[in-house]
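The residues making up each chain are set out below.
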Amino acid sequence: IAMFQRRYSTRPLRQVQRALDEQIIGHAAGKEAVLLALIAQEHVYIEGPPGVAKTLLAETAAEAAGLSFFFYQMHRDTKLHELIGD
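Being a predicted model, the structure only gives us computed values, none of them experimental.

Thresholds applied
- Residues numbered from 1 in each chain as written.
- Predicted model: local features only at pLDDT ≥ 70, side-chain atom pairs only at ≥ 80, totals over all residues.
- Heavy atoms only, no water.
- Helix = DSSP H or I, 4+ residues; strand = E, 2+ residues; numbered from the N terminus.
- Expected span 1.5 Å × (residues − 1).
- Buried < 20%, exposed > 50% of the residue type's maximum accessible area, 1.4 Å probe, protein only.
- Arc of directions from axis to C-beta.
- Polar contact = N/O pair within 3.5 Å; in protein donor to acceptor, adjacent residues only side chain to side chain.
- Patch = residues over 30% accessible without salt bridge, like charges linked within 9 Å, V, L, I, M, F, W, Y side chains within 5 Å.
- Areas by Shrake-Rupley, 256 points an atom, 1.4 Å probe, with all protein chains shown as cover.
- Salt bridge = Lys/Arg side-chain N within 4 Å of Asp/Glu carboxyl O.

Engineer: Would you mind going over helix α2 (residues 28–40) with me for this structure?
Structural biologist: Taking 1.5 Å of rise per residue, 13 residues should cover 18 Å, and α2 covers 18 Å from first to last C-alpha, within 8% of that figure. Residues of α2 that are buried include every one of K31, V34, L35, A37 and L38, and no others. Projected down its long axis, α2 shows its buried positions confined to an angular sector of 160°, all on one face. Away from its buried face, by an angle of more than 90 degrees, α2 presents the exposed residues A28, A29, E32 and I39.

Okay, here's the thing in structure tokens:
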């Protein structure tokens, strides 16, 4: 799970899009989803097989937008309280 802290970013979305395009080849739908999440100030859940740049996508977007980045490696036994607490 990748989440962006909810706080105002002063960097324009074009700058974020440019950073994503420079760092990540393809993944147009994923990049668009991240940009929409930034506009809506919501969290992003990225799922896929290993090695397809999911973490790089989230890290690049967070850095370019001036936001903090949180990563949690989920597994089939992940419990809800592990993510949000008791």
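Moving on from the model shown.
Engineer: Where do I start with the side chain of T78 in this structure?
Structural biologist: Along the chain, T78 turns up in the loop between β2 (69–71) and α4 (80–84). You can call T78 buried: its relative accessible area is 17%. Polar side-chain contacts of T78 include one of 2.8 Å to the backbone nitrogen of H75.

Engineer: Mind showing me how you'd approach a nonpolar patch on the surface here?
Structural biologist: Residues L13, L36 and I39 make up a contiguous nonpolar surface patch of about 280 Å² in total accessible area. Note on placement: L13 falls in helix α1 (residues 13–23).

Engineer: Looking at this structure, I do not really get α1. What am I missing?
Structural biologist: Note that an α-helix has 3.6 residues per turn; residues three or four places apart therefore point the same way. What α1 keeps buried is the set V16, A19 and L20. Summarising the axial view, the buried residues of α1 lie within an arc of 100°, below the 170-degree limit, and thus occupy one face. Exposed residues pointing more than 90 degrees away from the buried face of α1 are listed as R14 and E22.

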